[in-house]
Amino acid sequence: MFFILSKVLGFFAAPSNLVVGLGLLGTVLLGTRLALLGRCLIVVSLIALAVLGLSPLGNALILPLEQRFPAWDDKGGAPDGIIVLGGAITPEVSAARSDVALNEAAERVTAAVTLARRYPVARIVYSGGSGALIFDEGSEAASAVRIFESLGVPSARILAEDQSRNTVENAVFSMLLAMPRPGERWLLVTSAYHMPRAMGVFRRAGFPVEAYPVDWRTRGPQDALRPFSTLGSGLERADTAAREWIGLLAYWLTGRSSSLFPGPLDPAEAVGTPG
């Protein structure tokens, strides 16, 4: 039920969907006694689209997420394992084209391959099932094994987790596959903006991991006031950030995360009891 609700509410919580919905509602009302309200909604919708798409709002929303965890420090020694969260591969295109289609989160894969080469003993878990509510796109895991092999990482080193549908299941199923032993060092590779939510979930599941953020969308604080040159780019950035903030709140309220806004080296965010 949580999965279904998260997908439905996630669609309507995207700022771009809400704004377009307001505009469509206003258009419908033009032919009724509420025509004045309809015109107001259309105007509000157009202004909101411009603000979301062209202003720096999307960058301002995503920056705190990306800045939450610093780049990984290898001073502690070689990792025993690497968890790679799905989201970098487009399964339906990969299947249709008989190739591996990487998307804008491709660094999740390329960074993991680099780590696998640097640490040849480390085990690798690629966690990526299908997160689709309808029109099942298939699992990423099989395609991930293919691209890892093509880039020189033997398939024998890779555990493909293909059942997870969201970040909570990423953590639970990855832990079952990895079976981490006390004292082992595991890295978690995912997009920087997604890292706070992912770390909170893994901590709550009882799987101690270290953040290895990749796929940065901004250069840093200097982008907080940087506008977008195209409407689509700004809308996508705002939607991505809003989804993460709403996800953080929802996971915390439902007991699926260790804290509201997980961060590094916070004693209050120690590994929790599996839930």
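Just above, that's the structure.
This report concerns the structure included in the present document.

Scoring rules and cut-offs
Residues numbered from 1 in each chain as written. Predicted model: local features only at pLDDT ≥ 70, side-chain atom pairs only at ≥ 80, totals over all residues. Heavy atoms only, no water. Helix = DSSP H or I, 4+ residues; strand = E, 2+ residues; numbered from the N terminus. Rg over C-alpha atoms; globule rule 2.2 N^0.38 Å. Buried < 20%, exposed > 50% of the residue type's maximum accessible area, 1.4 Å probe, protein only. Contact = heavy atoms within 4.5 Å. Areas by Shrake-Rupley, 256 points an atom, 1.4 Å probe, with all protein chains shown as cover. Lys, Arg positive; Asp, Glu negative; His and termini not counted. Charge placed at Lys NZ, Arg CZ, Asp CG, Glu CD. Patch = residues over 30% accessible without salt bridge, like charges linked within 9 Å, V, L, I, M, F, W, Y side chains within 5 Å. Salt bridge = Lys/Arg side-chain N within 4 Å of Asp/Glu carboxyl O. Core = buried A, V, L, I, M, F, W, Y, C linked by side-chain atoms within 4.5 Å. Pairing = 2+ DSSP bridges. Axes fitted to C-alpha atoms, helices over the stretch in contact; angles between N-to-C directions. Phe/Tyr/Trp six-rings, centres within 6.5 Å; stacked < 30°, edge-to-face > 60°. Lys NZ or Arg CZ within 6 Å of the ring centre and 35° of its normal. Parallel < 35°, antiparallel > 145°, perpendicular 65-115°, else oblique. Left-handed = near helix turned anticlockwise from the far one by under 90°. Nonpolar A, V, L, I, M, F, W, Y, C, P; charged D, E, K, R; others polar.

### Brief notes about the overall build of the chain
Okay, step 1: Each helix and strand counted, the chain has 10 helices and five strands in total.
Okay, step 2: For a compact globule of 275 residues, the expected C-alpha radius of gyration is about 19 Å, and the chain comes in at 20 Å, within 12% of that figure.
Okay, step 3: In terms of its C-alpha atoms, the chain occupies a principal-axis envelope of roughly 70 × 45 × 40 Å.
Okay, step 4: The buried share among the 275 residues of the chain stands at 46%.
Okay, step 5: Pairs at least 24 apart in sequence give 73% of the contacts found in the chain among residues at least 6 apart.
Okay, step 6: Summed over all atoms, the accessible surface of the chain reaches about 13,700 Å², with 65% contributed by carbon and sulfur.
Okay, step 7: Positive and negative side-chain charges of the chain, numbering 24 and 24 respectively, have mean locations separated by a distance of 4 Å.

### Here's the deal with a nonpolar patch on the surface
Okay, step 1: Where nonpolar side chains cluster on the molecular surface, the patch consists of V43, I47, V51 and L57 and spans about 320 Å² of accessible area.
Okay, step 2: In terms of residues, the nonpolar patch owes the most to one element, helix α3 (residues 35–54), which gives three residues.
Okay, step 3: With respect to the helices, strands and loops of the structure, I47 is situated in helix α3.

### Some remarks on the nonpolar core
In summary, soluble globular proteins display a tendency toward joint burial of nonpolar side chains.
Okay, step 1: If you look at the biggest cluster of nonpolar residues, it comprises 27 residues, and the most contacted ones within it are I124, Y126, F148 and Y212.
Okay, step 2: For this core, the elements supplying multiple residues, two or more each, are β1 (81–85), α6 (107–118), β2 (123–127), α7 (141–150), β4 (186–191) and β5 (210–214).
Okay, step 3: Tallying contributions element by element places α6 first for this core, with six residues.
Okay, step 4: Counting residues in each nonpolar core, the second largest holds 19 residues, with M195, V209, A211 and Y251 among its members.

### With respect to the side chain of S143
Okay, step 1: With respect to the helices and strands, the residue S143 is situated in helix α7.
Okay, step 2: Beyond its immediate chain neighbours, meaning those up to four positions away, S143 contacts I89, S94 and V100.

### Some thoughts on unusual backbone geometry
Okay, step 1: Positive phi values are uncommon outside glycine, yet M179 reaches one of about 45°.
Okay, step 2: Non-glycine residue D215 carries a positive phi angle of around 55°.
Okay, step 3: Within the secondary structure layout, D215 lies in the loop between β5 and α10 (231–253).

### Focus on the sheet that holds β5
Okay, step 1: With parallel pairing, the five strands of this open sheet are ordered in space as β3-β2-β1-β4-β5. Of all the strands in the sheet, just β3 (158–161) and β5 have a single pairing partner and so form its edges. Averaged over all pairs of adjacent strands, the angle between strand axes in this sheet comes to 20°, irrespective of strand direction.
Okay, step 2: Sheet analysis places β1 next to β2, joined by five bridges and oriented parallel. The partner of G81 across the bridge, within β2, is R123.
Okay, step 3: Of the strands in this sheet, β2 and β3 are in contact with α7, which crosses β3 at around 160°.

### Regarding the environment of A106
Okay, step 1: Structurally, the position occupied by A106 is in the loop between α5 (91–97) and α6.
Okay, step 2: Note on A106: relative accessible area 17%, which makes it buried.
Okay, step 3: Separated by 41 residues in the primary sequence, A106 and L65 place their C-alpha atoms 19 Å from one another.

### A word on the packing of aromatic side chains
Aromatic rings considered in pairs are described by the distance between their centres and by the relative angle of their planes.
Okay, step 1: Throughout the structure, instances matching the rule amount to six aromatic pairs.
Okay, step 2: Centre to centre, the rings of Y126 and F148 are 6.5 Å apart; their planes meet at 75°, and the pair counts as edge-to-face. With Y126 in strand β2 and F148 in helix α7, this residue pair connects regions lying 22 residues apart in the sequence. Each member of the pair, Y126 as well as F148, is classed as buried.
Okay, step 3: For the pair W186 and F207, a centre-to-centre distance of 5.8 Å together with 70° between the ring planes defines the contact as edge-to-face. Taken together, the positions of W186 in strand β4 and F207 in the loop between α9 (195–205) and β5 put the pair 21 residues apart, joining distant regions of the chain.
Okay, step 4: The exposure class of F207 is buried, given its relative accessible area of 0%.
Okay, step 5: Taken together, the ring pairs connect W72, Y119 and Y212 into an aromatic cluster.
Okay, step 6: Seen from the ring of F261, R68 lies directly overhead, with NZ or CZ sitting 4.3 Å from the centre.

### Structural notes on the packing of α9 against α10
Okay, step 1: Interhelical geometry of α9 versus α10 gives an angle of 20° and a closest axis separation of 9 Å. Between α9 and α10, the angle falls in the class roughly parallel. Note on packing geometry: the crossing formed by α9 with α10 is left-handed. Contact residues: P196, R197 and V201 in α9; E244, G247, L248 and Y251 in α10.
Okay, step 2: For the contact of α9 with α10, the class distribution of residues is four nonpolar, one polar and two charged.

Such coordinate-based values are descriptive only and should not be taken to indicate function.
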